[in-house]
Structure formats: structure tokens, C-alpha cells
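Architecture and fold: a report
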Amino acid sequence: MFKRIAYSLISIVLLVSCSKSDQSAQNDEQSNEITTASLLKIAHCDGYTRVDVVNPWVEGKMLQTYILVPRDAELPSPLPAGTLVRTPLERTLVYSSVHAGAIKELGKVNAVKGVCDAEYYKMPEIVRGLENGSIINAGSAISPTVEKIVALSPEAIIVSPYQNAGYGAVASLGIPIIECADYLETAPLGRAEWIKLFGELFGETALADSIFAEVEQKYEALRLAASKVENKPSVLSESITSGVWFVPGGKSYMAQMFADAGASYPWHGNTEVGSIQLDFSQVLATARDADFWLIKSSTVTNYSDLQKAYELNAEFAAFKNRKVLVCNTTATNLFEEFPFHPDRLLHDFVVIFHPELAGSDATTSYYTPLKQ
């Protein structure tokens with residue numbers, strides 16, 4: 001309740017701050033279009049757009065405020081408080097391949113002139129750019145090469161924020177750092193709605209709105225269909241690695257997606273929004289009888305691989321009943337696509353848990369049955 005009140009107050013302050021006076025407020029502002037994301041607020045004002053990123057770690061506080069002004073327009077006077085960003089962006093440094101994917105979908109991949117963690121990018125345009133030198137590799141996102149960033153001179157740097165983590169020398173360069181907290185949203189559609197921020201940054205507001213509207217429509221149609229089923233099979237997620245098993249917390253977006261797909265999740269009563277760290281015995285005790293087992297892996301391709309990885313994996317009912325499915329993370333674009341297209345992953349889940357609902361569209365995009 002407190003959180004909902006805090007977000008409502010933030011929205012009110014955001015809209016009020018756009019108006020120059022009570023008399024002109026109606027002309028100066030448009031309604032906030034953000035409907036699902038809890039950490040993002042956008043308001044169109046007279047001559048600029050105000051973007052507020054809510055602090056995910058401090059209740060009722062802002063992480064960042066950005067003032068977006070068209071590059072060919074005069075600056076508002078007085079200039080509102082916040083980080084000034086001239087739009088549309090034409091020269092950016094991107095720390096995450098997920099965000100590069102959103103930019104590409106908006107038709108603005110040519111605005112990506114630099115990336116961090118280049119080895120994780122599979123997008124052909126980025127790979128070619130890195131090969132021919134039109135896109136620079138700024139090194140690790142944890143500790144990027146400042147000299148390369150200075151040479152690139154980007155108009156903005158797009159990053160994923162982490163609690164109590166700064167940006168080192170990069171923060172002193174005077175380049176706007178756009179902190180995209182989309183990965184901290186707990187609702188799948190909430191994260192997907194962050195495409196609207198990229199629409200504002202790259203001058204494709206209408207396209208971003210239409211992309212989200214389509215995602216929302218498809219997701220809700222699947223969720224509604226799955227909500228009517230009586231049988232809700234149980235699902236186990238991931239596998240043990242180096243003695244540790246990370247399962248999605250009960251309040252995580254993945255747990256929410258399992259529920260929206262008409263499945264039951266053994267840790268649904270847990271209150272964590274991230275992952276829960278467990279040992280094998282804890283997982284076995286809770287999910288031994290799970291009907292399905294979903295694993296993201298690039299090395300496990302058959303049941304023999306799964307048993308060799310950990311002998312006791314064979315104790316799970318899903319293993320015995322051959323109900324294990326795997327997502328090959330090197331052969332699919334799961335990580336790049338599902339943050340802004342949760343409808344595609346939800347479709348996979350519905351096909352797996354309730355194939356009768358899929359009709360003629362029973363093909364999965366990411367998960368396939370583990371080979372014998």
C-alpha cells in the first residue's frame with residue numbers, strides 16, 4: 001500500500017513540475033503514458049520531456065531525472081532541474097546487448113557507436129561494426145576504458161544501475177548517463193514498457209508506443225486463456241552449478257510468468273524479487289515431484305548430459321518422466337528478446353504447460369524438449 005501511494009505521489013509531482021503556472025498547465029503537459037512500469041515516469045511538457053527513474057532501493061526517492069530537449073530546439077528558460085539530454089540521440093555508448101536490441105527494434109541501431117562487453121553481442125549490425133571499426137569496444141561494463149569513451153565522445157551512455165555501484169571516472173566526463181532500471185521491474189509487462197524511454201531518446205515515440213501496445217495485447221490474451229485452465233502443472237527452473245542452485249524468487253518476474261502461463265511454482269510463497277540461493281537437497285525436497293523442468297544452458301543437450309552434470313538430477317520426476325526442456329542460450333536470442341517481448345516467452349510456456357491452448361501456433365521459440 002505504501003509503495004502504491006509513493007508512486008502515485010511521484011506521478012503527481014512529475015506532472016505538476018511540467019506546468020509553468022496553474023493557468024498554463026493544461027497546455028504545457030500531457031498525461032503520463034506509463035501504465036505498468038513502476039520505476040519509470042514520463043511526462044511531455046512545454047518544450048521538453050521529463051523522465052524520472054524511481055530509485056529501486058530507496059522508497060519514494062528518485063534515482064535520476066532527465067530533461068529531454070529536441071536537438072534543434074531552444075532550451076527552456078528556466079531549465080528544469082535534471083540531466084539535460086538532447087534528442088534524438090545519434091551517437092551512443094551502450095553497456096548491455098538487451099538495450100542495443102531495443103534500439104535496433106526502433107530502427108536506430110546506427111546510433112550505437114560503442115558497446116561494452118562486446119563478446120555478448122550477437123546482433124549482426126553490432127558484430128559487423130566491431131569488425132570494421134565503426135563501433136568501438138569500450139571494454140568491460142564493470143571497468144570500461146575511459147580513453148576509448150573520450151575518443152568516441154558519445155552523446156549519452158546507456159547503462160543498467162546497480163545498488164551502491166558508481167561509474168568511476170566515466171561519471172566525471174560530463175556525458176549523460178542514462179540509468180535504465182528496467183531489469184528491476186517485477187512485472188514482465190512493466191519491464192517491456194521501458195521501450196517507451198528508448199522511443200523518447202531516439203525520436204521514435206509513436207513506434208515505441210505501438211510496439212508496447214502489441215506486446216501488451218498478445219501477453220494479456222495468453223494470460224487470460226491460461227487463467228481459465230483448471231489443471232496447473234508444477235514447474236522447476238534452472239539447475240545446480242558449482243554446488244549452488246539459483247531459483248527465481250516468489251515475487252520475481254519469472255515466477256509471475258509461470259503463474260500467467262497457468263503453472264504452479266513451488267516457491268510461489270517466497271517474497272524475494274530476485275533469485276533464491278539454495279543447495280541441491282533444498283531444491284529436491286521442495287520440487288522433487290515437479291511436472292516440468294526448464295533449464296537455460298548451452299552445454300546440456302540430452303538426459304545423459306544432465307545426469308553427468310549432477311548424478312542426483314535423475315531423482316526428479318520431470319527427469320524420470322522425460323519432461324525436461326532446455327533453452328540453448330547460444331543458439332537463441334532469449335536474453336536479448338524477452339525483456340521487451342515477454343509475450344514470446346509466455347507463448348513458449350503456454351505451449352509447454354497447456355498445448356491445447358496453442359492451437360495451430362504450437363511452436364516454441366526458445367525451449368525444446370531435452371534429447372534422449
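For the structure, check the block above.
Residues numbered from 1 in each chain as written. Predicted model: local features only at pLDDT ≥ 70, side-chain atom pairs only at ≥ 80, totals over all residues. Heavy atoms only, no water.

What follows covers the nonpolar core. Core analysis: the biggest nonpolar cluster contains 93 residues, and Trp194, Trp293, Phe349 and Phe353 have the highest contact counts within it. Ignoring sequence-local partners within four residues, the contact set of phenylalanine 349 consists of Met254, Met257, Phe258, Ala261, Leu294, His354 and Tyr367. Ranked by size, the runner-up nonpolar core spans eleven residues in total, among them Cys116, Ala138, Ile175 and Ile177. (Core = buried A, V, L, I, M, F, W, Y, C linked by side-chain atoms within 4.5 Å. Buried < 20%, exposed > 50% of the residue type's maximum accessible area, 1.4 Å probe, protein only. Contact = heavy atoms within 4.5 Å.)

Before going further, it helps to spend a moment on the pairing of strand E1 (residues 40-44). The element E1 is extensively covered by neighbouring structure, given that five of its five residues are classed as buried. Where E1 lies against strand E2 (residues 49-54), five bridges are found, and the strand directions are antiparallel. Counted as the bridge partner of isoleucine 42 is valine 51 from E2. Turn length for the E1-E2 hairpin, with the two strands adjacent in sequence and antiparallel, is four residues, and the turn residue glycine 47 shows positive phi of about 95 degrees. (Helix = DSSP H or I, 4+ residues; strand = E, 2+ residues; numbered from the N terminus. Pairing = 2+ DSSP bridges.)

On to the layout of surface pockets. Considered as a void within the structure, the second largest pocket measures approximately 310 Å³ in volume. Around the second largest pocket, the lining comprises 16 residues; the ones closest to its centre are Gly101, Lys104, Met123, Glu336 and Glu337. Looking at the lining of the second largest pocket, the elements with two or more residues in it are helix H3 (97-105) and helix H13 (334-337). Per-element tally for the lining of the second largest pocket: the top contributor is H3, with six residues. In terms of residue class, the lining of the second largest pocket is built from six nonpolar, four polar and six charged. (1 Å grid on protein atoms, 1.4 Å probe; cavity = no way out; pocket = protein on both sides within 12 Å on 5 of 7 lines; lining within 4 Å. Points joined across faces, edges and corners; volume = space filled by probe spheres on them. Nonpolar A, V, L, I, M, F, W, Y, C, P; charged D, E, K, R; others polar.)

Turning next to the sheet that holds strand E11 (residues 240-241). The strand order E11-E12-E13 describes an open sheet built from three strands, whose pairing is antiparallel. Strand pairing shows two members of the sheet lacking a second neighbour, E11 and strand E13 (275-278), which therefore form its edges. In the sheet, E11 pairs with strand E12 (residues 244-248) via two bridges, with the strands oriented antiparallel. Looking across to E12, one finds that threonine 241 is bridged to valine 244.

The next subject is empty space enclosed by the protein. Tallying each qualifying case throughout the model produces two cavities of 30 Å³ or more. Empty space within the largest cavity amounts to approximately 60 Å³. If you trace the largest cavity, you find it lined by Glu33, Ile34, Ile42, His44, Lys196, Glu200, Thr205 and Asp209. Within the residue set of the lining of the largest cavity, elements represented by two or more residues are E1, helix H7 (195-201) and helix H8 (205-227). Taken together, the residues of the lining of the largest cavity sort by class into two nonpolar, two polar and four charged. Taken as a whole, the second largest cavity encloses approximately 50 Å³ of empty space.

Two numbers describe how H8 lies on helix H14 (residues 342-353): the axes approach to 9 Å, and their chain directions differ by 20 degrees. As far as their axial angle goes, H14 and H8 are roughly parallel. Crossing geometry of H8 relative to H14 is assigned as left-handed. Residues Val215, Lys218, Tyr219, Leu222 and Arg223 of H8 form the contact with H14, whose own contacting residues are Pro342, Asp343, Leu346, His347 and Val350. For the contact of H8 with H14, the class distribution of residues is six nonpolar, one polar and three charged. (Axes fitted to C-alpha atoms, helices over the stretch in contact; angles between N-to-C directions. Parallel < 35°, antiparallel > 145°, perpendicular 65-115°, else oblique. Left-handed = near helix turned anticlockwise from the far one by under 90°.)

As a further point, take unusual backbone geometry. A cis amide bond links serine 77 with the next residue in sequence, proline 78, at an omega value of 0 degrees. Its place among the elements puts proline 78 in the loop between strand E3 (62-70) and strand E4 (83-87). Cis geometry marks the peptide bond from threonine 87 to proline 88; its omega dihedral reads -5 degrees. By the secondary structure assignment, proline 88 is in the loop between E4 and strand E5 (92-94). Even without glycine at this site, serine 153 takes up a positive phi of about 50 degrees. Phi at arginine 322 takes a positive value of approximately 55 degrees, unusual for a residue other than glycine. Residue placement: arginine 322 occurs in the loop between helix H12 (317-320) and strand E15 (324-327).

Within the secondary structure layout, tyrosine 310 lies in the loop between helix H11 (303-309) and H12. Judged by its relative accessible area of 31%, tyrosine 310 is partly exposed. Considered as a pair, tyrosine 310 and isoleucine 240 are 70 residues apart in the sequence and their alpha carbons are 7.8 Å apart. In this structure tyrosine 310 touches Ile240 and Phe280, once residues within four positions along its chain are discounted.

Take it as geometry only, folks, not as evidence of what the structure does.
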